[in-house]
Amino acid sequence: MSKVEPARESLKNILRVERMTEHDLLEVVEIEEMCGLSRWGWEAYHAELQSGHAGLMLVLRRQQPAPATAPDKRLAGFVASRLMADELHINNIAVRPAFRRQGFAHVLLDRVLQEGAVAGAREALLEVRASNKAAQALYQRHDFRVAGRRRNYYAQPAEDALVMRATL
Ligand SMILES: CC(C)(COP(=O)(O)OP(=O)(O)OC[C@H]1O[C@@H](n2cnc3c(N)ncnc32)[C@H](O)[C@@H]1OP(=O)(O)O)[C@@H](O)C(=O)NCCC(=O)NCCS
């Protein structure tokens, strides 16, 4: 059961959490770039999908045809994670700016944590820029707590990472 409010009802009807596939990757990379995330790029996502961890790579997909002005845009966001032993590593999560503050990151994170737990994860962990207060607030709402700090973990711009962990 989700600990947070469901995404806004009107959009919930046209957006579904689904498995990421190879066909999503151009849009995933576009969202990654527009959201200022550390760059993975097409090849890294593709390798991750091929590696057998595809169940923990999810997208938020529009079910209705996209608007005529942007017919190739069907994804509102995505989450990329990997199960390593009994730890679920959340590598990236992003929601397009036009879809933010409507509960969609909650939906994506809830789902990937649930699926990780079912797959055997007992703990989830991630790194987040020390200045990224929005993402930290999101993770805190899902019971993540700061467990450490990695100095100069990020580049462009250089910044520390906070390590956050949650028990599943
Ligand atoms: C972080 C991000 C994924 C949140 O997506 P979102 O769909 O807007 O988030 P939601 O509407 O589901 O809100 C989830 C929670 O995040 C927090 N949050 C989201 N945006 C916030 C903001 N601008 N300021 C403060 N808190 C914020 C809140 O705690 C919110 O919960 P609440 O409103 O129920 O209290 C989105 O801002 C994003 O894509 N940012 C750029 C990429 C990024 O930084 N990813 C994280 C990498 S570690």
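Heads up: the structure comes first, above all this text.
In what follows, the accompanying structure is described. (Residues numbered from 1 in each chain as written. Predicted model: local features only at pLDDT ≥ 70, side-chain atom pairs only at ≥ 80, totals over all residues. Heavy atoms only, no water.)

1. Some details on the packing of aromatic side chains
Centre distance and the angle of the planes are the two values used to describe a pair of aromatic rings.
Moving on, step 1. If you walk through the whole model with that rule in mind, you get four aromatic pairs.
Moving on, step 2. A centroid spacing of 5.0 Å and a plane angle of 35° characterise the contact between Trp-40 and Tyr-45, whose relative ring orientation is tilted.
Moving on, step 3. Among the residues examined, Tyr-45 registers a relative accessible area of 0% and is labelled buried. (Phe/Tyr/Trp six-rings, centres within 6.5 Å; stacked < 30°, edge-to-face > 60°. Buried < 20%, exposed > 50% of the residue type's maximum accessible area, 1.4 Å probe, protein only.)

2. Concerning the site of the ligand
Moving on, step 1. The environment of the ligand is made up of 21 residues, and the closest members are Ile-93, Val-95, Arg-101, Gly-103 and Asn-132.
Moving on, step 2. Phe-104 is positioned such that a nitrogen or oxygen atom in its backbone is 3.3 Å from an oxygen atom of the ligand.
Moving on, step 3. Protein coverage of the free-state accessible area of the ligand, which is 930 Å², stands at 78%.
Moving on, step 4. Secondary structure elements with two or more residues in the shell around the ligand: β4 (87-95), α4 (104-118), β5 (123-129) and α5 (133-141). (Near = heavy atom within 4 Å. Polar contact = N/O pair within 3.5 Å; in protein donor to acceptor, adjacent residues only side chain to side chain. Areas by Shrake-Rupley, 256 points an atom, 1.4 Å probe, with all protein chains shown as cover. Helix = DSSP H or I, 4+ residues; strand = E, 2+ residues; numbered from the N terminus.)

3. Details of the pattern of salt bridges
Moving on, step 1. Within the structure shown, the criterion is met by 13 salt bridges.
Moving on, step 2. Glu-30 is the partner of Arg-96 in a salt bridge, and the nearest nitrogen-oxygen pair spans 3.3 Å. Pair noted here: Arg-96 is in the loop between β4 and α4 and Glu-30 is in helix α2 (residues 25-34), with a separation of 66 residues, a long-range link.
Moving on, step 3. Arg-111 is paired through a salt bridge with Glu-115; the nearest N and O atoms lie 2.9 Å apart. Here Glu-115 and Arg-111 lie together in helix α4, a separation of four residues that amounts to about one turn.
Moving on, step 4. A relative accessible area of 29% means that Arg-111 is categorised as partly exposed.
Moving on, step 5. Judged by relative accessible area, which is 18%, Glu-115 ranks as buried. (Salt bridge = Lys/Arg side-chain N within 4 Å of Asp/Glu carboxyl O.)

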